[in-house]
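Understanding the architecture of this molecule
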Amino acid sequence: MMTEIRFIDADGAVTIARGDNGFSLMEVAKRHGVSGIVAECGGSCACATCHVHVDAAWLEAVGEPNPGEADMLDFARGRRPDSRLSCQIRITPALDGLIVHVPESQG
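All of these numbers come straight from a predicted model, not from anything done at the bench.

1. Examining the pattern of salt bridges
Inspection of every chain in the model, using the stated rule, returns 6 salt bridges. The partner of glutamate 4 in a salt bridge is arginine 6, with the nearest N and O atoms 3.6 Å apart. Arginine 90 is paired through a salt bridge with glutamate 27; the nearest N and O atoms lie 3.7 Å apart. Of this pair, arginine 90 sits in the loop between strand 4 (83-85) and strand 5 (98-101) while glutamate 27 sits in helix 1 (residues 25-31), and the two are 63 residues apart along the sequence. When salt bridges with common partners are traced through the structure, they connect Glu4, Arg6 and Arg18 into a single cluster.

Have a look at this one:
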């Protein structure tokens, strides 16, 4: 079963993507060509170029960043309380319908 994710870019354009459970949100974004997800490190939590803002309705379901991710988020441009690295969010059936916002720029 695939999980549906809605990526909303800085201009408000929506990309609806489906991903296999167990894959990262970043992998789903790259596979579907989501604009703004650079993912320079390929998902090893060594950069902040897959930064997203989790929609308020989904914050509890997604959960808090782990300590390593929280440290890496210090390098994310425009970090907010709803910031996460998409490489660290694993797709599960509980995230079906997840909405994330891609910031205007990464880095």
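Read on for the rest.
2. Some points on unusual backbone geometry
Here alanine 39, not a glycine, exhibits a phi torsion of approximately 55 degrees, which is positive. Residue position: alanine 39 is located in the loop between helix 1 and strand 3 (51-54). Classification of alanine 39 by relative accessible area gives buried; the value is 11%. Unlike most non-glycine residues, cysteine 45 shows phi in positive territory, near 60 degrees. Its place among the elements puts cysteine 45 in the loop between helix 1 and strand 3.

3. Regarding the sheet that holds strand 3
Across the sheet, 5 strands lie side by side as 2-1-5-3-4; this open sheet has mixed pairing. The open sheet has two free edges, formed respectively by strand 2 (14-20) and strand 4, since each of these has just one partner strand. Within the sheet, the average angular offset between the axes of one strand and its neighbour, ignoring direction, is 40 degrees. The pairing of strand 1 (residues 2-8) with strand 5 spans 4 bridges and is parallel. Pairing of arginine 6 across the sheet is with isoleucine 99, part of strand 5.

The rules behind each value
- Residues numbered from 1 in each chain as written.
- Predicted model: local features only at pLDDT ≥ 70, side-chain atom pairs only at ≥ 80, totals over all residues.
- Heavy atoms only, no water.
- Salt bridge = Lys/Arg side-chain N within 4 Å of Asp/Glu carboxyl O.
- Helix = DSSP H or I, 4+ residues; strand = E, 2+ residues; numbered from the N terminus.
- Buried < 20%, exposed > 50% of the residue type's maximum accessible area, 1.4 Å probe, protein only.
- Pairing = 2+ DSSP bridges.
- Axes fitted to C-alpha atoms, helices over the stretch in contact; angles between N-to-C directions.

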